[in-house]
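Examining the three-dimensional arrangement
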Amino acid sequence: MRVIAGKYRSRRLQTLRGMALRPSSDRLRETLFNILGEAVDGALFVDLFAGSGAVGIEALSRGAHACIFVENHAAGAALISRNLASLEIATASNVASLKTFGGTAEVLRINALDALKGLSDRGARADFIFADPPYANAQAYEDILAFLGKSEMLGRSGRLIIEHRKAEPLLKVAGHLERTRIVEQGDTALSFYGCVIAA
């Protein structure tokens, strides 16, 4: 697996063997970032269920101001840290101090919903939140949409992107979030959400 474009273009990323992680395909990542385009530049990006960290690292490579990687599994969190170190991406020591978070990354080994609650309590305002829960974990999809649909983590221009099975579409509306686009590739889909009312 490699970084597709930007500062770290063509740099190799490690992944775990077997099915412990299900990384987003290179083609799907490329599609995602072609859609997001220049809006990633300077953004605060949150990568939930980050796995190898490939999506968040791609965001940093393309100019994101900072990325928070959330991965609850020890092997996955360690893998993200190794990938960041191999690219010499600085890691913040204190995610609570978001004002000094520029140009760095943070790996949180914590449940995705708990991470969102904690970040929201600290006043984090993400430009992009990408979530790729295990496809079989329907509750994770529901919890993320329910929480972000009532929180203030995404403002008017913020975007939530969720990767899921094409055969299992997500809600069109969740609180003040509305699905604005679906992109399908093979058996996989990306659902894009934006705020109906400014959070």
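This is a predicted model, so every value here is computed, not measured.

This next bit is on the layout of surface pockets. Its volume calculated, the second largest pocket comes out at about 180 Å³. In terms of lining residues, the second largest pocket is bounded by Tyr135, Ala138, Tyr141, Glu142, Leu145, His164, Arg165, Glu168, Pro169, Leu170 and Leu171. Secondary-structure elements contributing two or more residues to the lining of the second largest pocket are α5 (138-148) and β5 (159-165). Ranked by residue count, the leading element in the lining of the second largest pocket is α5, at 4 residues.

This model, assessed by the stated rule, comprises 5 salt bridges. The salt bridge involving Glu58 is made with Arg29; its shortest N-O contact spans 3.2 Å. Highlighted residues: Glu58 in helix α2 (residues 54-61) and Arg29 in helix α1 (residues 26-36), separated in sequence by 29 residues. Note on Glu58: relative accessible area 0%, which makes it buried. Note that Glu152 is salt-bridged to Arg125, the shortest N-O span being 3.4 Å. With Glu152 in the loop between α5 and β5 and Arg125 in the loop between α4 (112-121) and β4 (128-131), this pair connects stretches of sequence that are 27 residues apart. By relative accessible area, Glu152 is classed as partly exposed at 46%.

Right, let's talk about the packing of α4 against α5 for a bit. Between α4 and α5, the shortest axis-to-axis distance is 10 Å and the interhelical angle comes to 15 degrees. Considered as vectors, α4 and α5 are oriented roughly parallel to each other. Between α4 and α5 lies a crossing of right-handed hand. Contacts between α4 and α5 pair Leu113, Leu116, Lys117 and Ser120 from the former with Asp143, Ile144, Phe147 and Leu148 from the latter. Residues that form the contact of α4 with α5 fall into these classes: 5 nonpolar, 1 polar and 2 charged.

Reading the values: the criteria
- Residues numbered from 1 in each chain as written.
- Predicted model: local features only at pLDDT ≥ 70, side-chain atom pairs only at ≥ 80, totals over all residues.
- Heavy atoms only, no water.
- 1 Å grid on protein atoms, 1.4 Å probe; cavity = no way out; pocket = protein on both sides within 12 Å on 5 of 7 lines; lining within 4 Å.
- Points joined across faces, edges and corners; volume = space filled by probe spheres on them.
- Helix = DSSP H or I, 4+ residues; strand = E, 2+ residues; numbered from the N terminus.
- Salt bridge = Lys/Arg side-chain N within 4 Å of Asp/Glu carboxyl O.
- Buried < 20%, exposed > 50% of the residue type's maximum accessible area, 1.4 Å probe, protein only.
- Axes fitted to C-alpha atoms, helices over the stretch in contact; angles between N-to-C directions.
- Parallel < 35°, antiparallel > 145°, perpendicular 65-115°, else oblique.
- Left-handed = near helix turned anticlockwise from the far one by under 90°.
- Contact = heavy atoms within 4.5 Å.
- Nonpolar A, V, L, I, M, F, W, Y, C, P; charged D, E, K, R; others polar.

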